[in-house]
Amino acid sequence: MLGAIQGAALPTRSVPRLFSRASLFSTVSSTQALPSLTQEALFLDDEGFAKDNDNSQPQKQQPGGKPFTFPKKGQQLEMFCESLAFKGKGVCKIVDSGFVVLCDRALPGERLIAQITRKKGSYAEAMKIKTISPHDDAVIAPCEHANDCGGCKMQNLSYSAQLRIKEKQVFEVISRLGRFGSASGTIMKGIVGCQSPFGYRNKMEFSFGVKKWIPKSELEELSQMELCQDEFALGLHAPGRFDKILSINKCLLQQDAANKVLALVQHFCELHADELPPYNTFTNTGFLKHLVIRSGREPETGALQLMVNFVTSCYDPTLLQPLVEQVARVPEVVSVVNNTNSRVGNTSLGEEEFVLYGKSTITECINGLVFEISANSFFQTNPRQAEVLYSLVEDAATLKGDGSEIVLDLFCGTGTIGLSLAGRVKHVYGYEVVPEAIADAQRNALRNGITNATFVQGDLNKIRDNFADQFPKPDIVIVDPNRPGLHLNLIRSLLKLRPERIVYVSCNPATCARDLDLLTHGLPETEIKGTYKLLSVQPVDMFPHTPHIECVCSLELIEV
Ligand SMILES: C[S@@+](CC[C@H](N)C(=O)[O-])C[C@H]1O[C@@H](n2cnc3c(N)ncnc32)[C@H](O)[C@@H]1O
């Protein structure tokens, strides 16, 4: 049944406005990355493909022949939310005109009043003012910051409804953008939800600042006097604001012990803001820039371990000492480090690192392997669901298990996927651009006594013709790219390499669908001939309450 798709005529589709196949590839040169879709194009693509409104806005007339009136900035209008775009914005239609508006925090099925904030090409953006009638699955968000913080845009929706929406988004993008049409029904697997939709994150990064962002809802309650006192803030950046911090008392995505540390640091630093001044992004002055809290598990006992990282503008351990002493009293804290960053701006990556208390790393266990995590190393942020994800990758790889196969783990990070397969294969080759991640991967192999894994540092957007000479021909290739997906040259190289199976792990269904289309259907304009059959697409929810979706896709080589 699936095999038939390869030879069958491809489903035709109307060409969306901003993302025709011709426009997508017209700018590609051999040295350029496959043009990553702009966020706007991605969204519109999603909007245009994902629903039955392909013709909703390009035309200048309503069905009755009446011309569309573009809404004006500042206008408050009644609208109905039809679906969610990948970035979590509600795709709404103005009730009178059917004009499409993207509205933050609008939920599918909700009727609402929203204020137009800007016009963007043929659609508008709006800010929700009030709900007229909620989504059937609307719930009261458990987090006090849910309506103001940019992180959990979907907390107002029951978790089962979140999963349904995400599953539908993947299905639509795979069928339309990936051009798998009705066959998507047999390819798609049901979404795998997260057992614990709260407390799942093992890393949260908070910022210090001098400007507290006061949400509209609180503004009316505050006296003028209180409004003037914005000299200290610790929390998350207000949505779209680099300079304003929404003070966070407790984040439900992290563990209770991490919230204890956050509250303690909030309290201490607010009291001692004169000695420990928060960083001011306008004047580039101040000391405290970021608080990063990471968590892990002790391998033998499974006990929670916390690493607290203070990112400061310079190195001054004496200044930090009283704060470090307080934090170290929290029983779960096993490491306090200080990363210094003197550069202008807000990055939390340090130039130099100093251990102020305890160890320099914490550990995490994934599917029986132990991984060391340092302050700046990449690690999956939902480790329990990462175990689920990696098991799905192993299923998709359908290893023989006789130790004969070669696995190529592209975009390997700290080696977690490849290392978790190493016990069942002949050799794993990992490829990754970040040198520190490669060093971590090598250390992780050593720590777990794995001797059949080799990790190579290199940029997969700049591969040359001799790329495949660096390792024996792989039987299975795993790709786990960042949001922009695969470079066109890498797709060409995979098609030339012809591994029996490709497992594509994606954090962006839109670019994943684009790449699956190329690997299976090919693209005559670029002389790419697809030689793979898409066997399955498995959505996995790694980040409940956020718009993010992960997918594991299995592809099998076909003889042509
Ligand atoms: C989504 S992460 C996956 C990491 C790993 N597979 C895991 O599960 O932990 C993507 C990884 O690709 C790496 N990466 C991004 N662009 C790259 C490039 N052009 N060449 C090689 N690696 C790249 C990133 O540094 C990151 O470690």
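Computed from a predicted structure; not experimentally measured.

(A) Spotlight on the overall build of the chain. Per the secondary structure count, the chain includes 14 helices and 21 strands. Counting over 560 residues, the chain shows a buried share of 55%. Looking at the chain alone, contacts between residues at least 24 apart form 66% of all its contacts between residues at least 6 apart. Here the chain has roughly 24200 Å² of accessible surface; of this, 52% comes from carbon and sulfur atoms.

(B) Expanded view of the sheet that holds strand E11 (residues 333-340). With respect to topology, seven strands assemble into an open sheet ordered E8-E7-E6-E9-E10-E11-E12, the strand pairing being mixed. Each having just a single partner strand, strand E8 (245-247) and strand E12 (352-358) make up the two edges of the open sheet. With direction set aside, neighbouring strand axes in the sheet form an average angle of 35 degrees. As paired elements, strand E10 (residues 304-312) and E11 share seven bridges and run parallel to each other. Bridge pairing links Val 308 to Val 336 in E11.

(C) The packing of helix H4 (residues 159-176) against helix H14 (residues 509-521), seen in detail. Between H4 and H14, whose axes approach to 9 Å, the crossing angle comes to 30 degrees. Here H4 lies roughly parallel to H14, going by the angle between them. Crossing of H4 against H14: the hand is right-handed. From H4, Val 170, Val 173 and Ile 174 reach across to H14, where they touch Pro 509, Ala 510, Ala 513 and Leu 516. Taken together, the residues of the contact of H4 with H14 sort by class into seven nonpolar, no polar and no charged.

(D) The UniProt feature "active site" (unreviewed entry) in the chain, seen in detail. The UniProt feature table records "active site" (unreviewed entry) at Cys 507. Here Cys 507 lies in the loop between strand E19 (501-506) and H14. Among the residues examined, Cys 507 registers a relative accessible area of 23% and is labelled partly exposed. Excluding anything up to four places from it in sequence, Cys 507 contacts Pro 481, Asn 482, Arg 483, Ile 549 and Glu 550.

(E) Structural context of unusual backbone geometry. A positive phi angle, near 70 degrees, is found at Arg 105, a position not held by glycine. Examined against the element boundaries, Arg 105 turns out to sit in the loop between strand E3 (100-104) and strand E4 (111-120). Its identity as a non-glycine residue notwithstanding, His 545 has a phi of 75 degrees, on the positive side. With respect to the secondary-structure elements, His 545 resides in the loop between strand E20 (532-540) and strand E21 (550-557).

(F) Focus on the side chain of Ser 493. Residue position: Ser 493 is located in helix H13 (residues 488-497). What Ser 493 contacts, discounting residues up to four positions off in sequence, is Ile 463 and Phe 467.

Calculation criteria
Residues numbered from 1 in each chain as written. Predicted model: local features only at pLDDT ≥ 70, side-chain atom pairs only at ≥ 80, totals over all residues. Heavy atoms only, no water. Helix = DSSP H or I, 4+ residues; strand = E, 2+ residues; numbered from the N terminus. Buried < 20%, exposed > 50% of the residue type's maximum accessible area, 1.4 Å probe, protein only. Contact = heavy atoms within 4.5 Å. Areas by Shrake-Rupley, 256 points an atom, 1.4 Å probe, with all protein chains shown as cover. Pairing = 2+ DSSP bridges. Axes fitted to C-alpha atoms, helices over the stretch in contact; angles between N-to-C directions. Parallel < 35°, antiparallel > 145°, perpendicular 65-115°, else oblique. Left-handed = near helix turned anticlockwise from the far one by under 90°. Nonpolar A, V, L, I, M, F, W, Y, C, P; charged D, E, K, R; others polar. UniProt positions renumbered as here; feature names shortened; annotations may be inferred.

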